[in-house]
Each structure stands twice: as structure tokens, then as C-alpha cells.
Amino acid sequence: MAEIGIGLTCAGVLFLTLGVLMFFDKGLLAMGNILFLSGVMLIIGFSKTLRFFFQKRKIRGTSCFLGGIFLVLVGWPMFGMGIECFGFLNLFGDFFPVALGFLRNMPVIGNVLSVPFVRTITDRFISKARLPV
């Protein structure tokens with residue numbers, strides 16, 4: 001079941017990227033949002049998804065993320081994606097240091113991230129992400 005969820009999440013990200021590249025095409029963005037949320041639910045389960053999105057400390061991110069999806073669905077894709085991106089960063093910002101650590105261990109990307117200038121910038125983002133709220 002998790003493999004299907006990963007596929008749906010990747011398809012959702014692809015559709016969202018294409019929707020932005022096609023000058024905020026609302027059909028592609030709506031499809032991407034639906035696929036992304038469906039994929040997340042299949043990966044971690046329905047009850048864990050509800051617990052993740054509706055934690056007290058993440059309510060601002062959840063409201064912006066879901067509000068942005070609603071704006072995309074009703075036909076305001078540019079405003080919706082802006083609000084949705086803000087919510088996404090608030091919701092999933094805790095995972096960025098983990099993802100960056102994973103990327104640093106990859107063959108080609110790790111070499112790019114090891115360049116001293118790039119490393120100082122990414123280290124600043126990690127330290128800001130780990131500050132208590």
C-alpha cells in the first residue's frame with residue numbers, strides 16, 4: 001500500500017510542478033493537490049494523517065495549506081498556491097534537515113552540497129529549522 005502512496009505523492013508533485021509551469025493551470029494544480037494528499041494518506045495511514053495535520057502547534061500551517069487547496073479548487077490558483085506554499089513550509093519544515101542530510105549522502109548531489117559556500121547556506125537553514133517554536 002505504501003508503494004502506491006509513494007507513486008501518488010510523486011504524481012501529485014509532478015502535476016503541481018506542471019501546473020505552475022503551465023502558468024498556474026487550475027486543473028493540473030487541483031489534480032496535483034488531490035494526488036498528493038491521497039498519497040500521504042496511503043503512506044502513513046488515515047488516522048496518522050489526521051493526527052499530523054490537526055496538531056495544535058501545526059494548525060496555522062494546516063489552515064493555510066487546506067485553504068490554499070480550496071482557493072485552487074474554486075478558481076484562484078495564484079493566490080491559492082502562494083498560501084498553500086506557506087502552509088506547506090509550516091507543516092513540513094521539520095523534515096527539511098532530515099532530507100538535507102539524506103541528500104548530502106547521495107553521490108552527485110552530495111558533492112554539490114559539500115561545496116563550502118553551499119554548505120554554509122544549508123547549515124544556516126538547518127539551524128533555523130531546529131529552533132524551538
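Refer to the structure above for everything that follows.
Keep in mind that what you see is a predicted model, and the values were worked out from it rather than measured. (Residues numbered from 1 in each chain as written. Predicted model: local features only at pLDDT ≥ 70, side-chain atom pairs only at ≥ 80, totals over all residues. Heavy atoms only, no water.)

(A) Highlighting a nonpolar patch on the surface. Taken together, the side chains of Met41, Phe46, Leu50, Phe54, Ile59 and Leu66 make up a nonpolar region of the molecular surface, amounting to roughly 550 Å² of accessible area. Elements supplying a minimum of two residues to the nonpolar patch: α3 (46-53) and α4 (59-74). Mapped onto the secondary structure, leucine 50 falls in helix α3. (Patch = residues over 30% accessible without salt bridge, like charges linked within 9 Å, V, L, I, M, F, W, Y side chains within 5 Å. Areas by Shrake-Rupley, 256 points an atom, 1.4 Å probe, with all protein chains shown as cover. Salt bridge = Lys/Arg side-chain N within 4 Å of Asp/Glu carboxyl O. Helix = DSSP H or I, 4+ residues; strand = E, 2+ residues; numbered from the N terminus.)

(B) Spatial organisation of the pattern of salt bridges. Applying the stated criterion across every chain, the model contains 2 salt bridges. Where aspartate 94 meets arginine 57, a salt bridge forms, and the shortest distance between an N and an O atom there is 3.6 Å. Of this pair, aspartate 94 sits in the loop between α5 (77-92) and α6 (96-104) while arginine 57 sits in the loop between α3 and α4, placing them 37 residues apart in sequence. We note a salt bridge from arginine 104 to aspartate 123, for which the minimum N-O separation is 2.9 Å. With arginine 104 in helix α6 and aspartate 123 in helix α8 (residues 116-129), this pair connects stretches of sequence that are 19 residues apart. What makes aspartate 123 partly exposed here is its relative accessible area of 35%. (Buried < 20%, exposed > 50% of the residue type's maximum accessible area, 1.4 Å probe, protein only.)

In short, the description is geometric, and any link to function would need to be established separately.
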